[in-house]
Amino acid sequence: MTPRPPRSSEPTVAEADAWADVLVRQQLLHAVVLTPTGQWLVQDRPDGPVRVLASPADVLALAATIQQRTRSTRPESR
């Protein structure tokens, strides 16, 4: 697989919000909430601790980590 080129701009709030929505809809996270201060509150499970992410870039990094973990635990379908 060819590595992706580096981003030319910082992730936007809209991009992070879209990823957060996908992660919650796919039940990979319980909740992701953008606060008025620009921080993101993330909860993996309903009874789990709430983590604070500082920026949209942190949300995208979390999405990438979850995506990588999901792909690495999936059985190969060849």
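Focus: the pairing of strand β1 (residues 31–34)
In the sheet, β1 pairs with strand β2 (residues 40–43) via four bridges, with the strands oriented antiparallel. Bridge pairing links Ala-31 to Gln-43 in β2. Between β1 and β2, which pair antiparallel one after the other, the connecting turn spans five residues, and Gly-38 there sits at a positive phi close to 95 degrees.

Focus on the pattern of salt bridges
Overall, the coordinates contain three salt bridges when judged by the stated rule. Two residues, Arg-25 and Asp-21, come together in a salt bridge whose shortest N-O distance is 3.0 Å. Remark: Asp-21 and Arg-25 occur in helix α1 (residues 13–25); sequence separation between them is four residues, near one turn of the helix. Accessibility expressed as a relative area gives 55% for Arg-25, which makes it exposed. Judged by relative accessible area, which is 40%, Asp-21 ranks as partly exposed. A salt bridge links Arg-51 to Asp-44; the nearest nitrogen and oxygen atoms lie 2.9 Å apart. Given a relative accessible area of 38%, Asp-44 falls into the partly exposed group.

Brief notes about the pairing of β2
In terms of strand pairing, β2 meets strand β3 (residues 50–53) through four bridges, oriented antiparallel. Bridging from a neighbouring strand, Leu-41 pairs with Val-52 of β3.

Observations concerning the side chain of Gln-43
For Gln-43, the position within the fold is in strand β2. The exposure class assigned to Gln-43 is buried, which follows from its relative accessible area of 15%. A distance of 2.8 Å separates the side chain of Gln-43 from the backbone oxygen of Gly-48, its partner in a polar contact. Setting aside residues up to four positions removed in sequence, Gln-43 forms contacts with Leu-29, His-30, Ala-31, Gly-48, Pro-49 and Val-50.

Thoughts on the sheet that holds β1
In space, the three strands of this open sheet follow the order β1-β2-β3, with antiparallel pairing throughout. Of all strands in the sheet, those with a lone pairing partner are β1 and β3, marking the two edges. Direction aside, the axes of adjacent strands within the sheet are offset by 20 degrees on average. Contacting β2 and β3, helix α2 (residues 56–73) runs over the sheet at an angle of about 125 degrees to β3.

Reading the values: rules and limits
- Residues numbered from 1 in each chain as written.
- Predicted model: local features only at pLDDT ≥ 70, side-chain atom pairs only at ≥ 80, totals over all residues.
- Heavy atoms only, no water.
- Pairing = 2+ DSSP bridges.
- Helix = DSSP H or I, 4+ residues; strand = E, 2+ residues; numbered from the N terminus.
- Salt bridge = Lys/Arg side-chain N within 4 Å of Asp/Glu carboxyl O.
- Buried < 20%, exposed > 50% of the residue type's maximum accessible area, 1.4 Å probe, protein only.
- Polar contact = N/O pair within 3.5 Å; in protein donor to acceptor, adjacent residues only side chain to side chain.
- Contact = heavy atoms within 4.5 Å.
- Axes fitted to C-alpha atoms, helices over the stretch in contact; angles between N-to-C directions.

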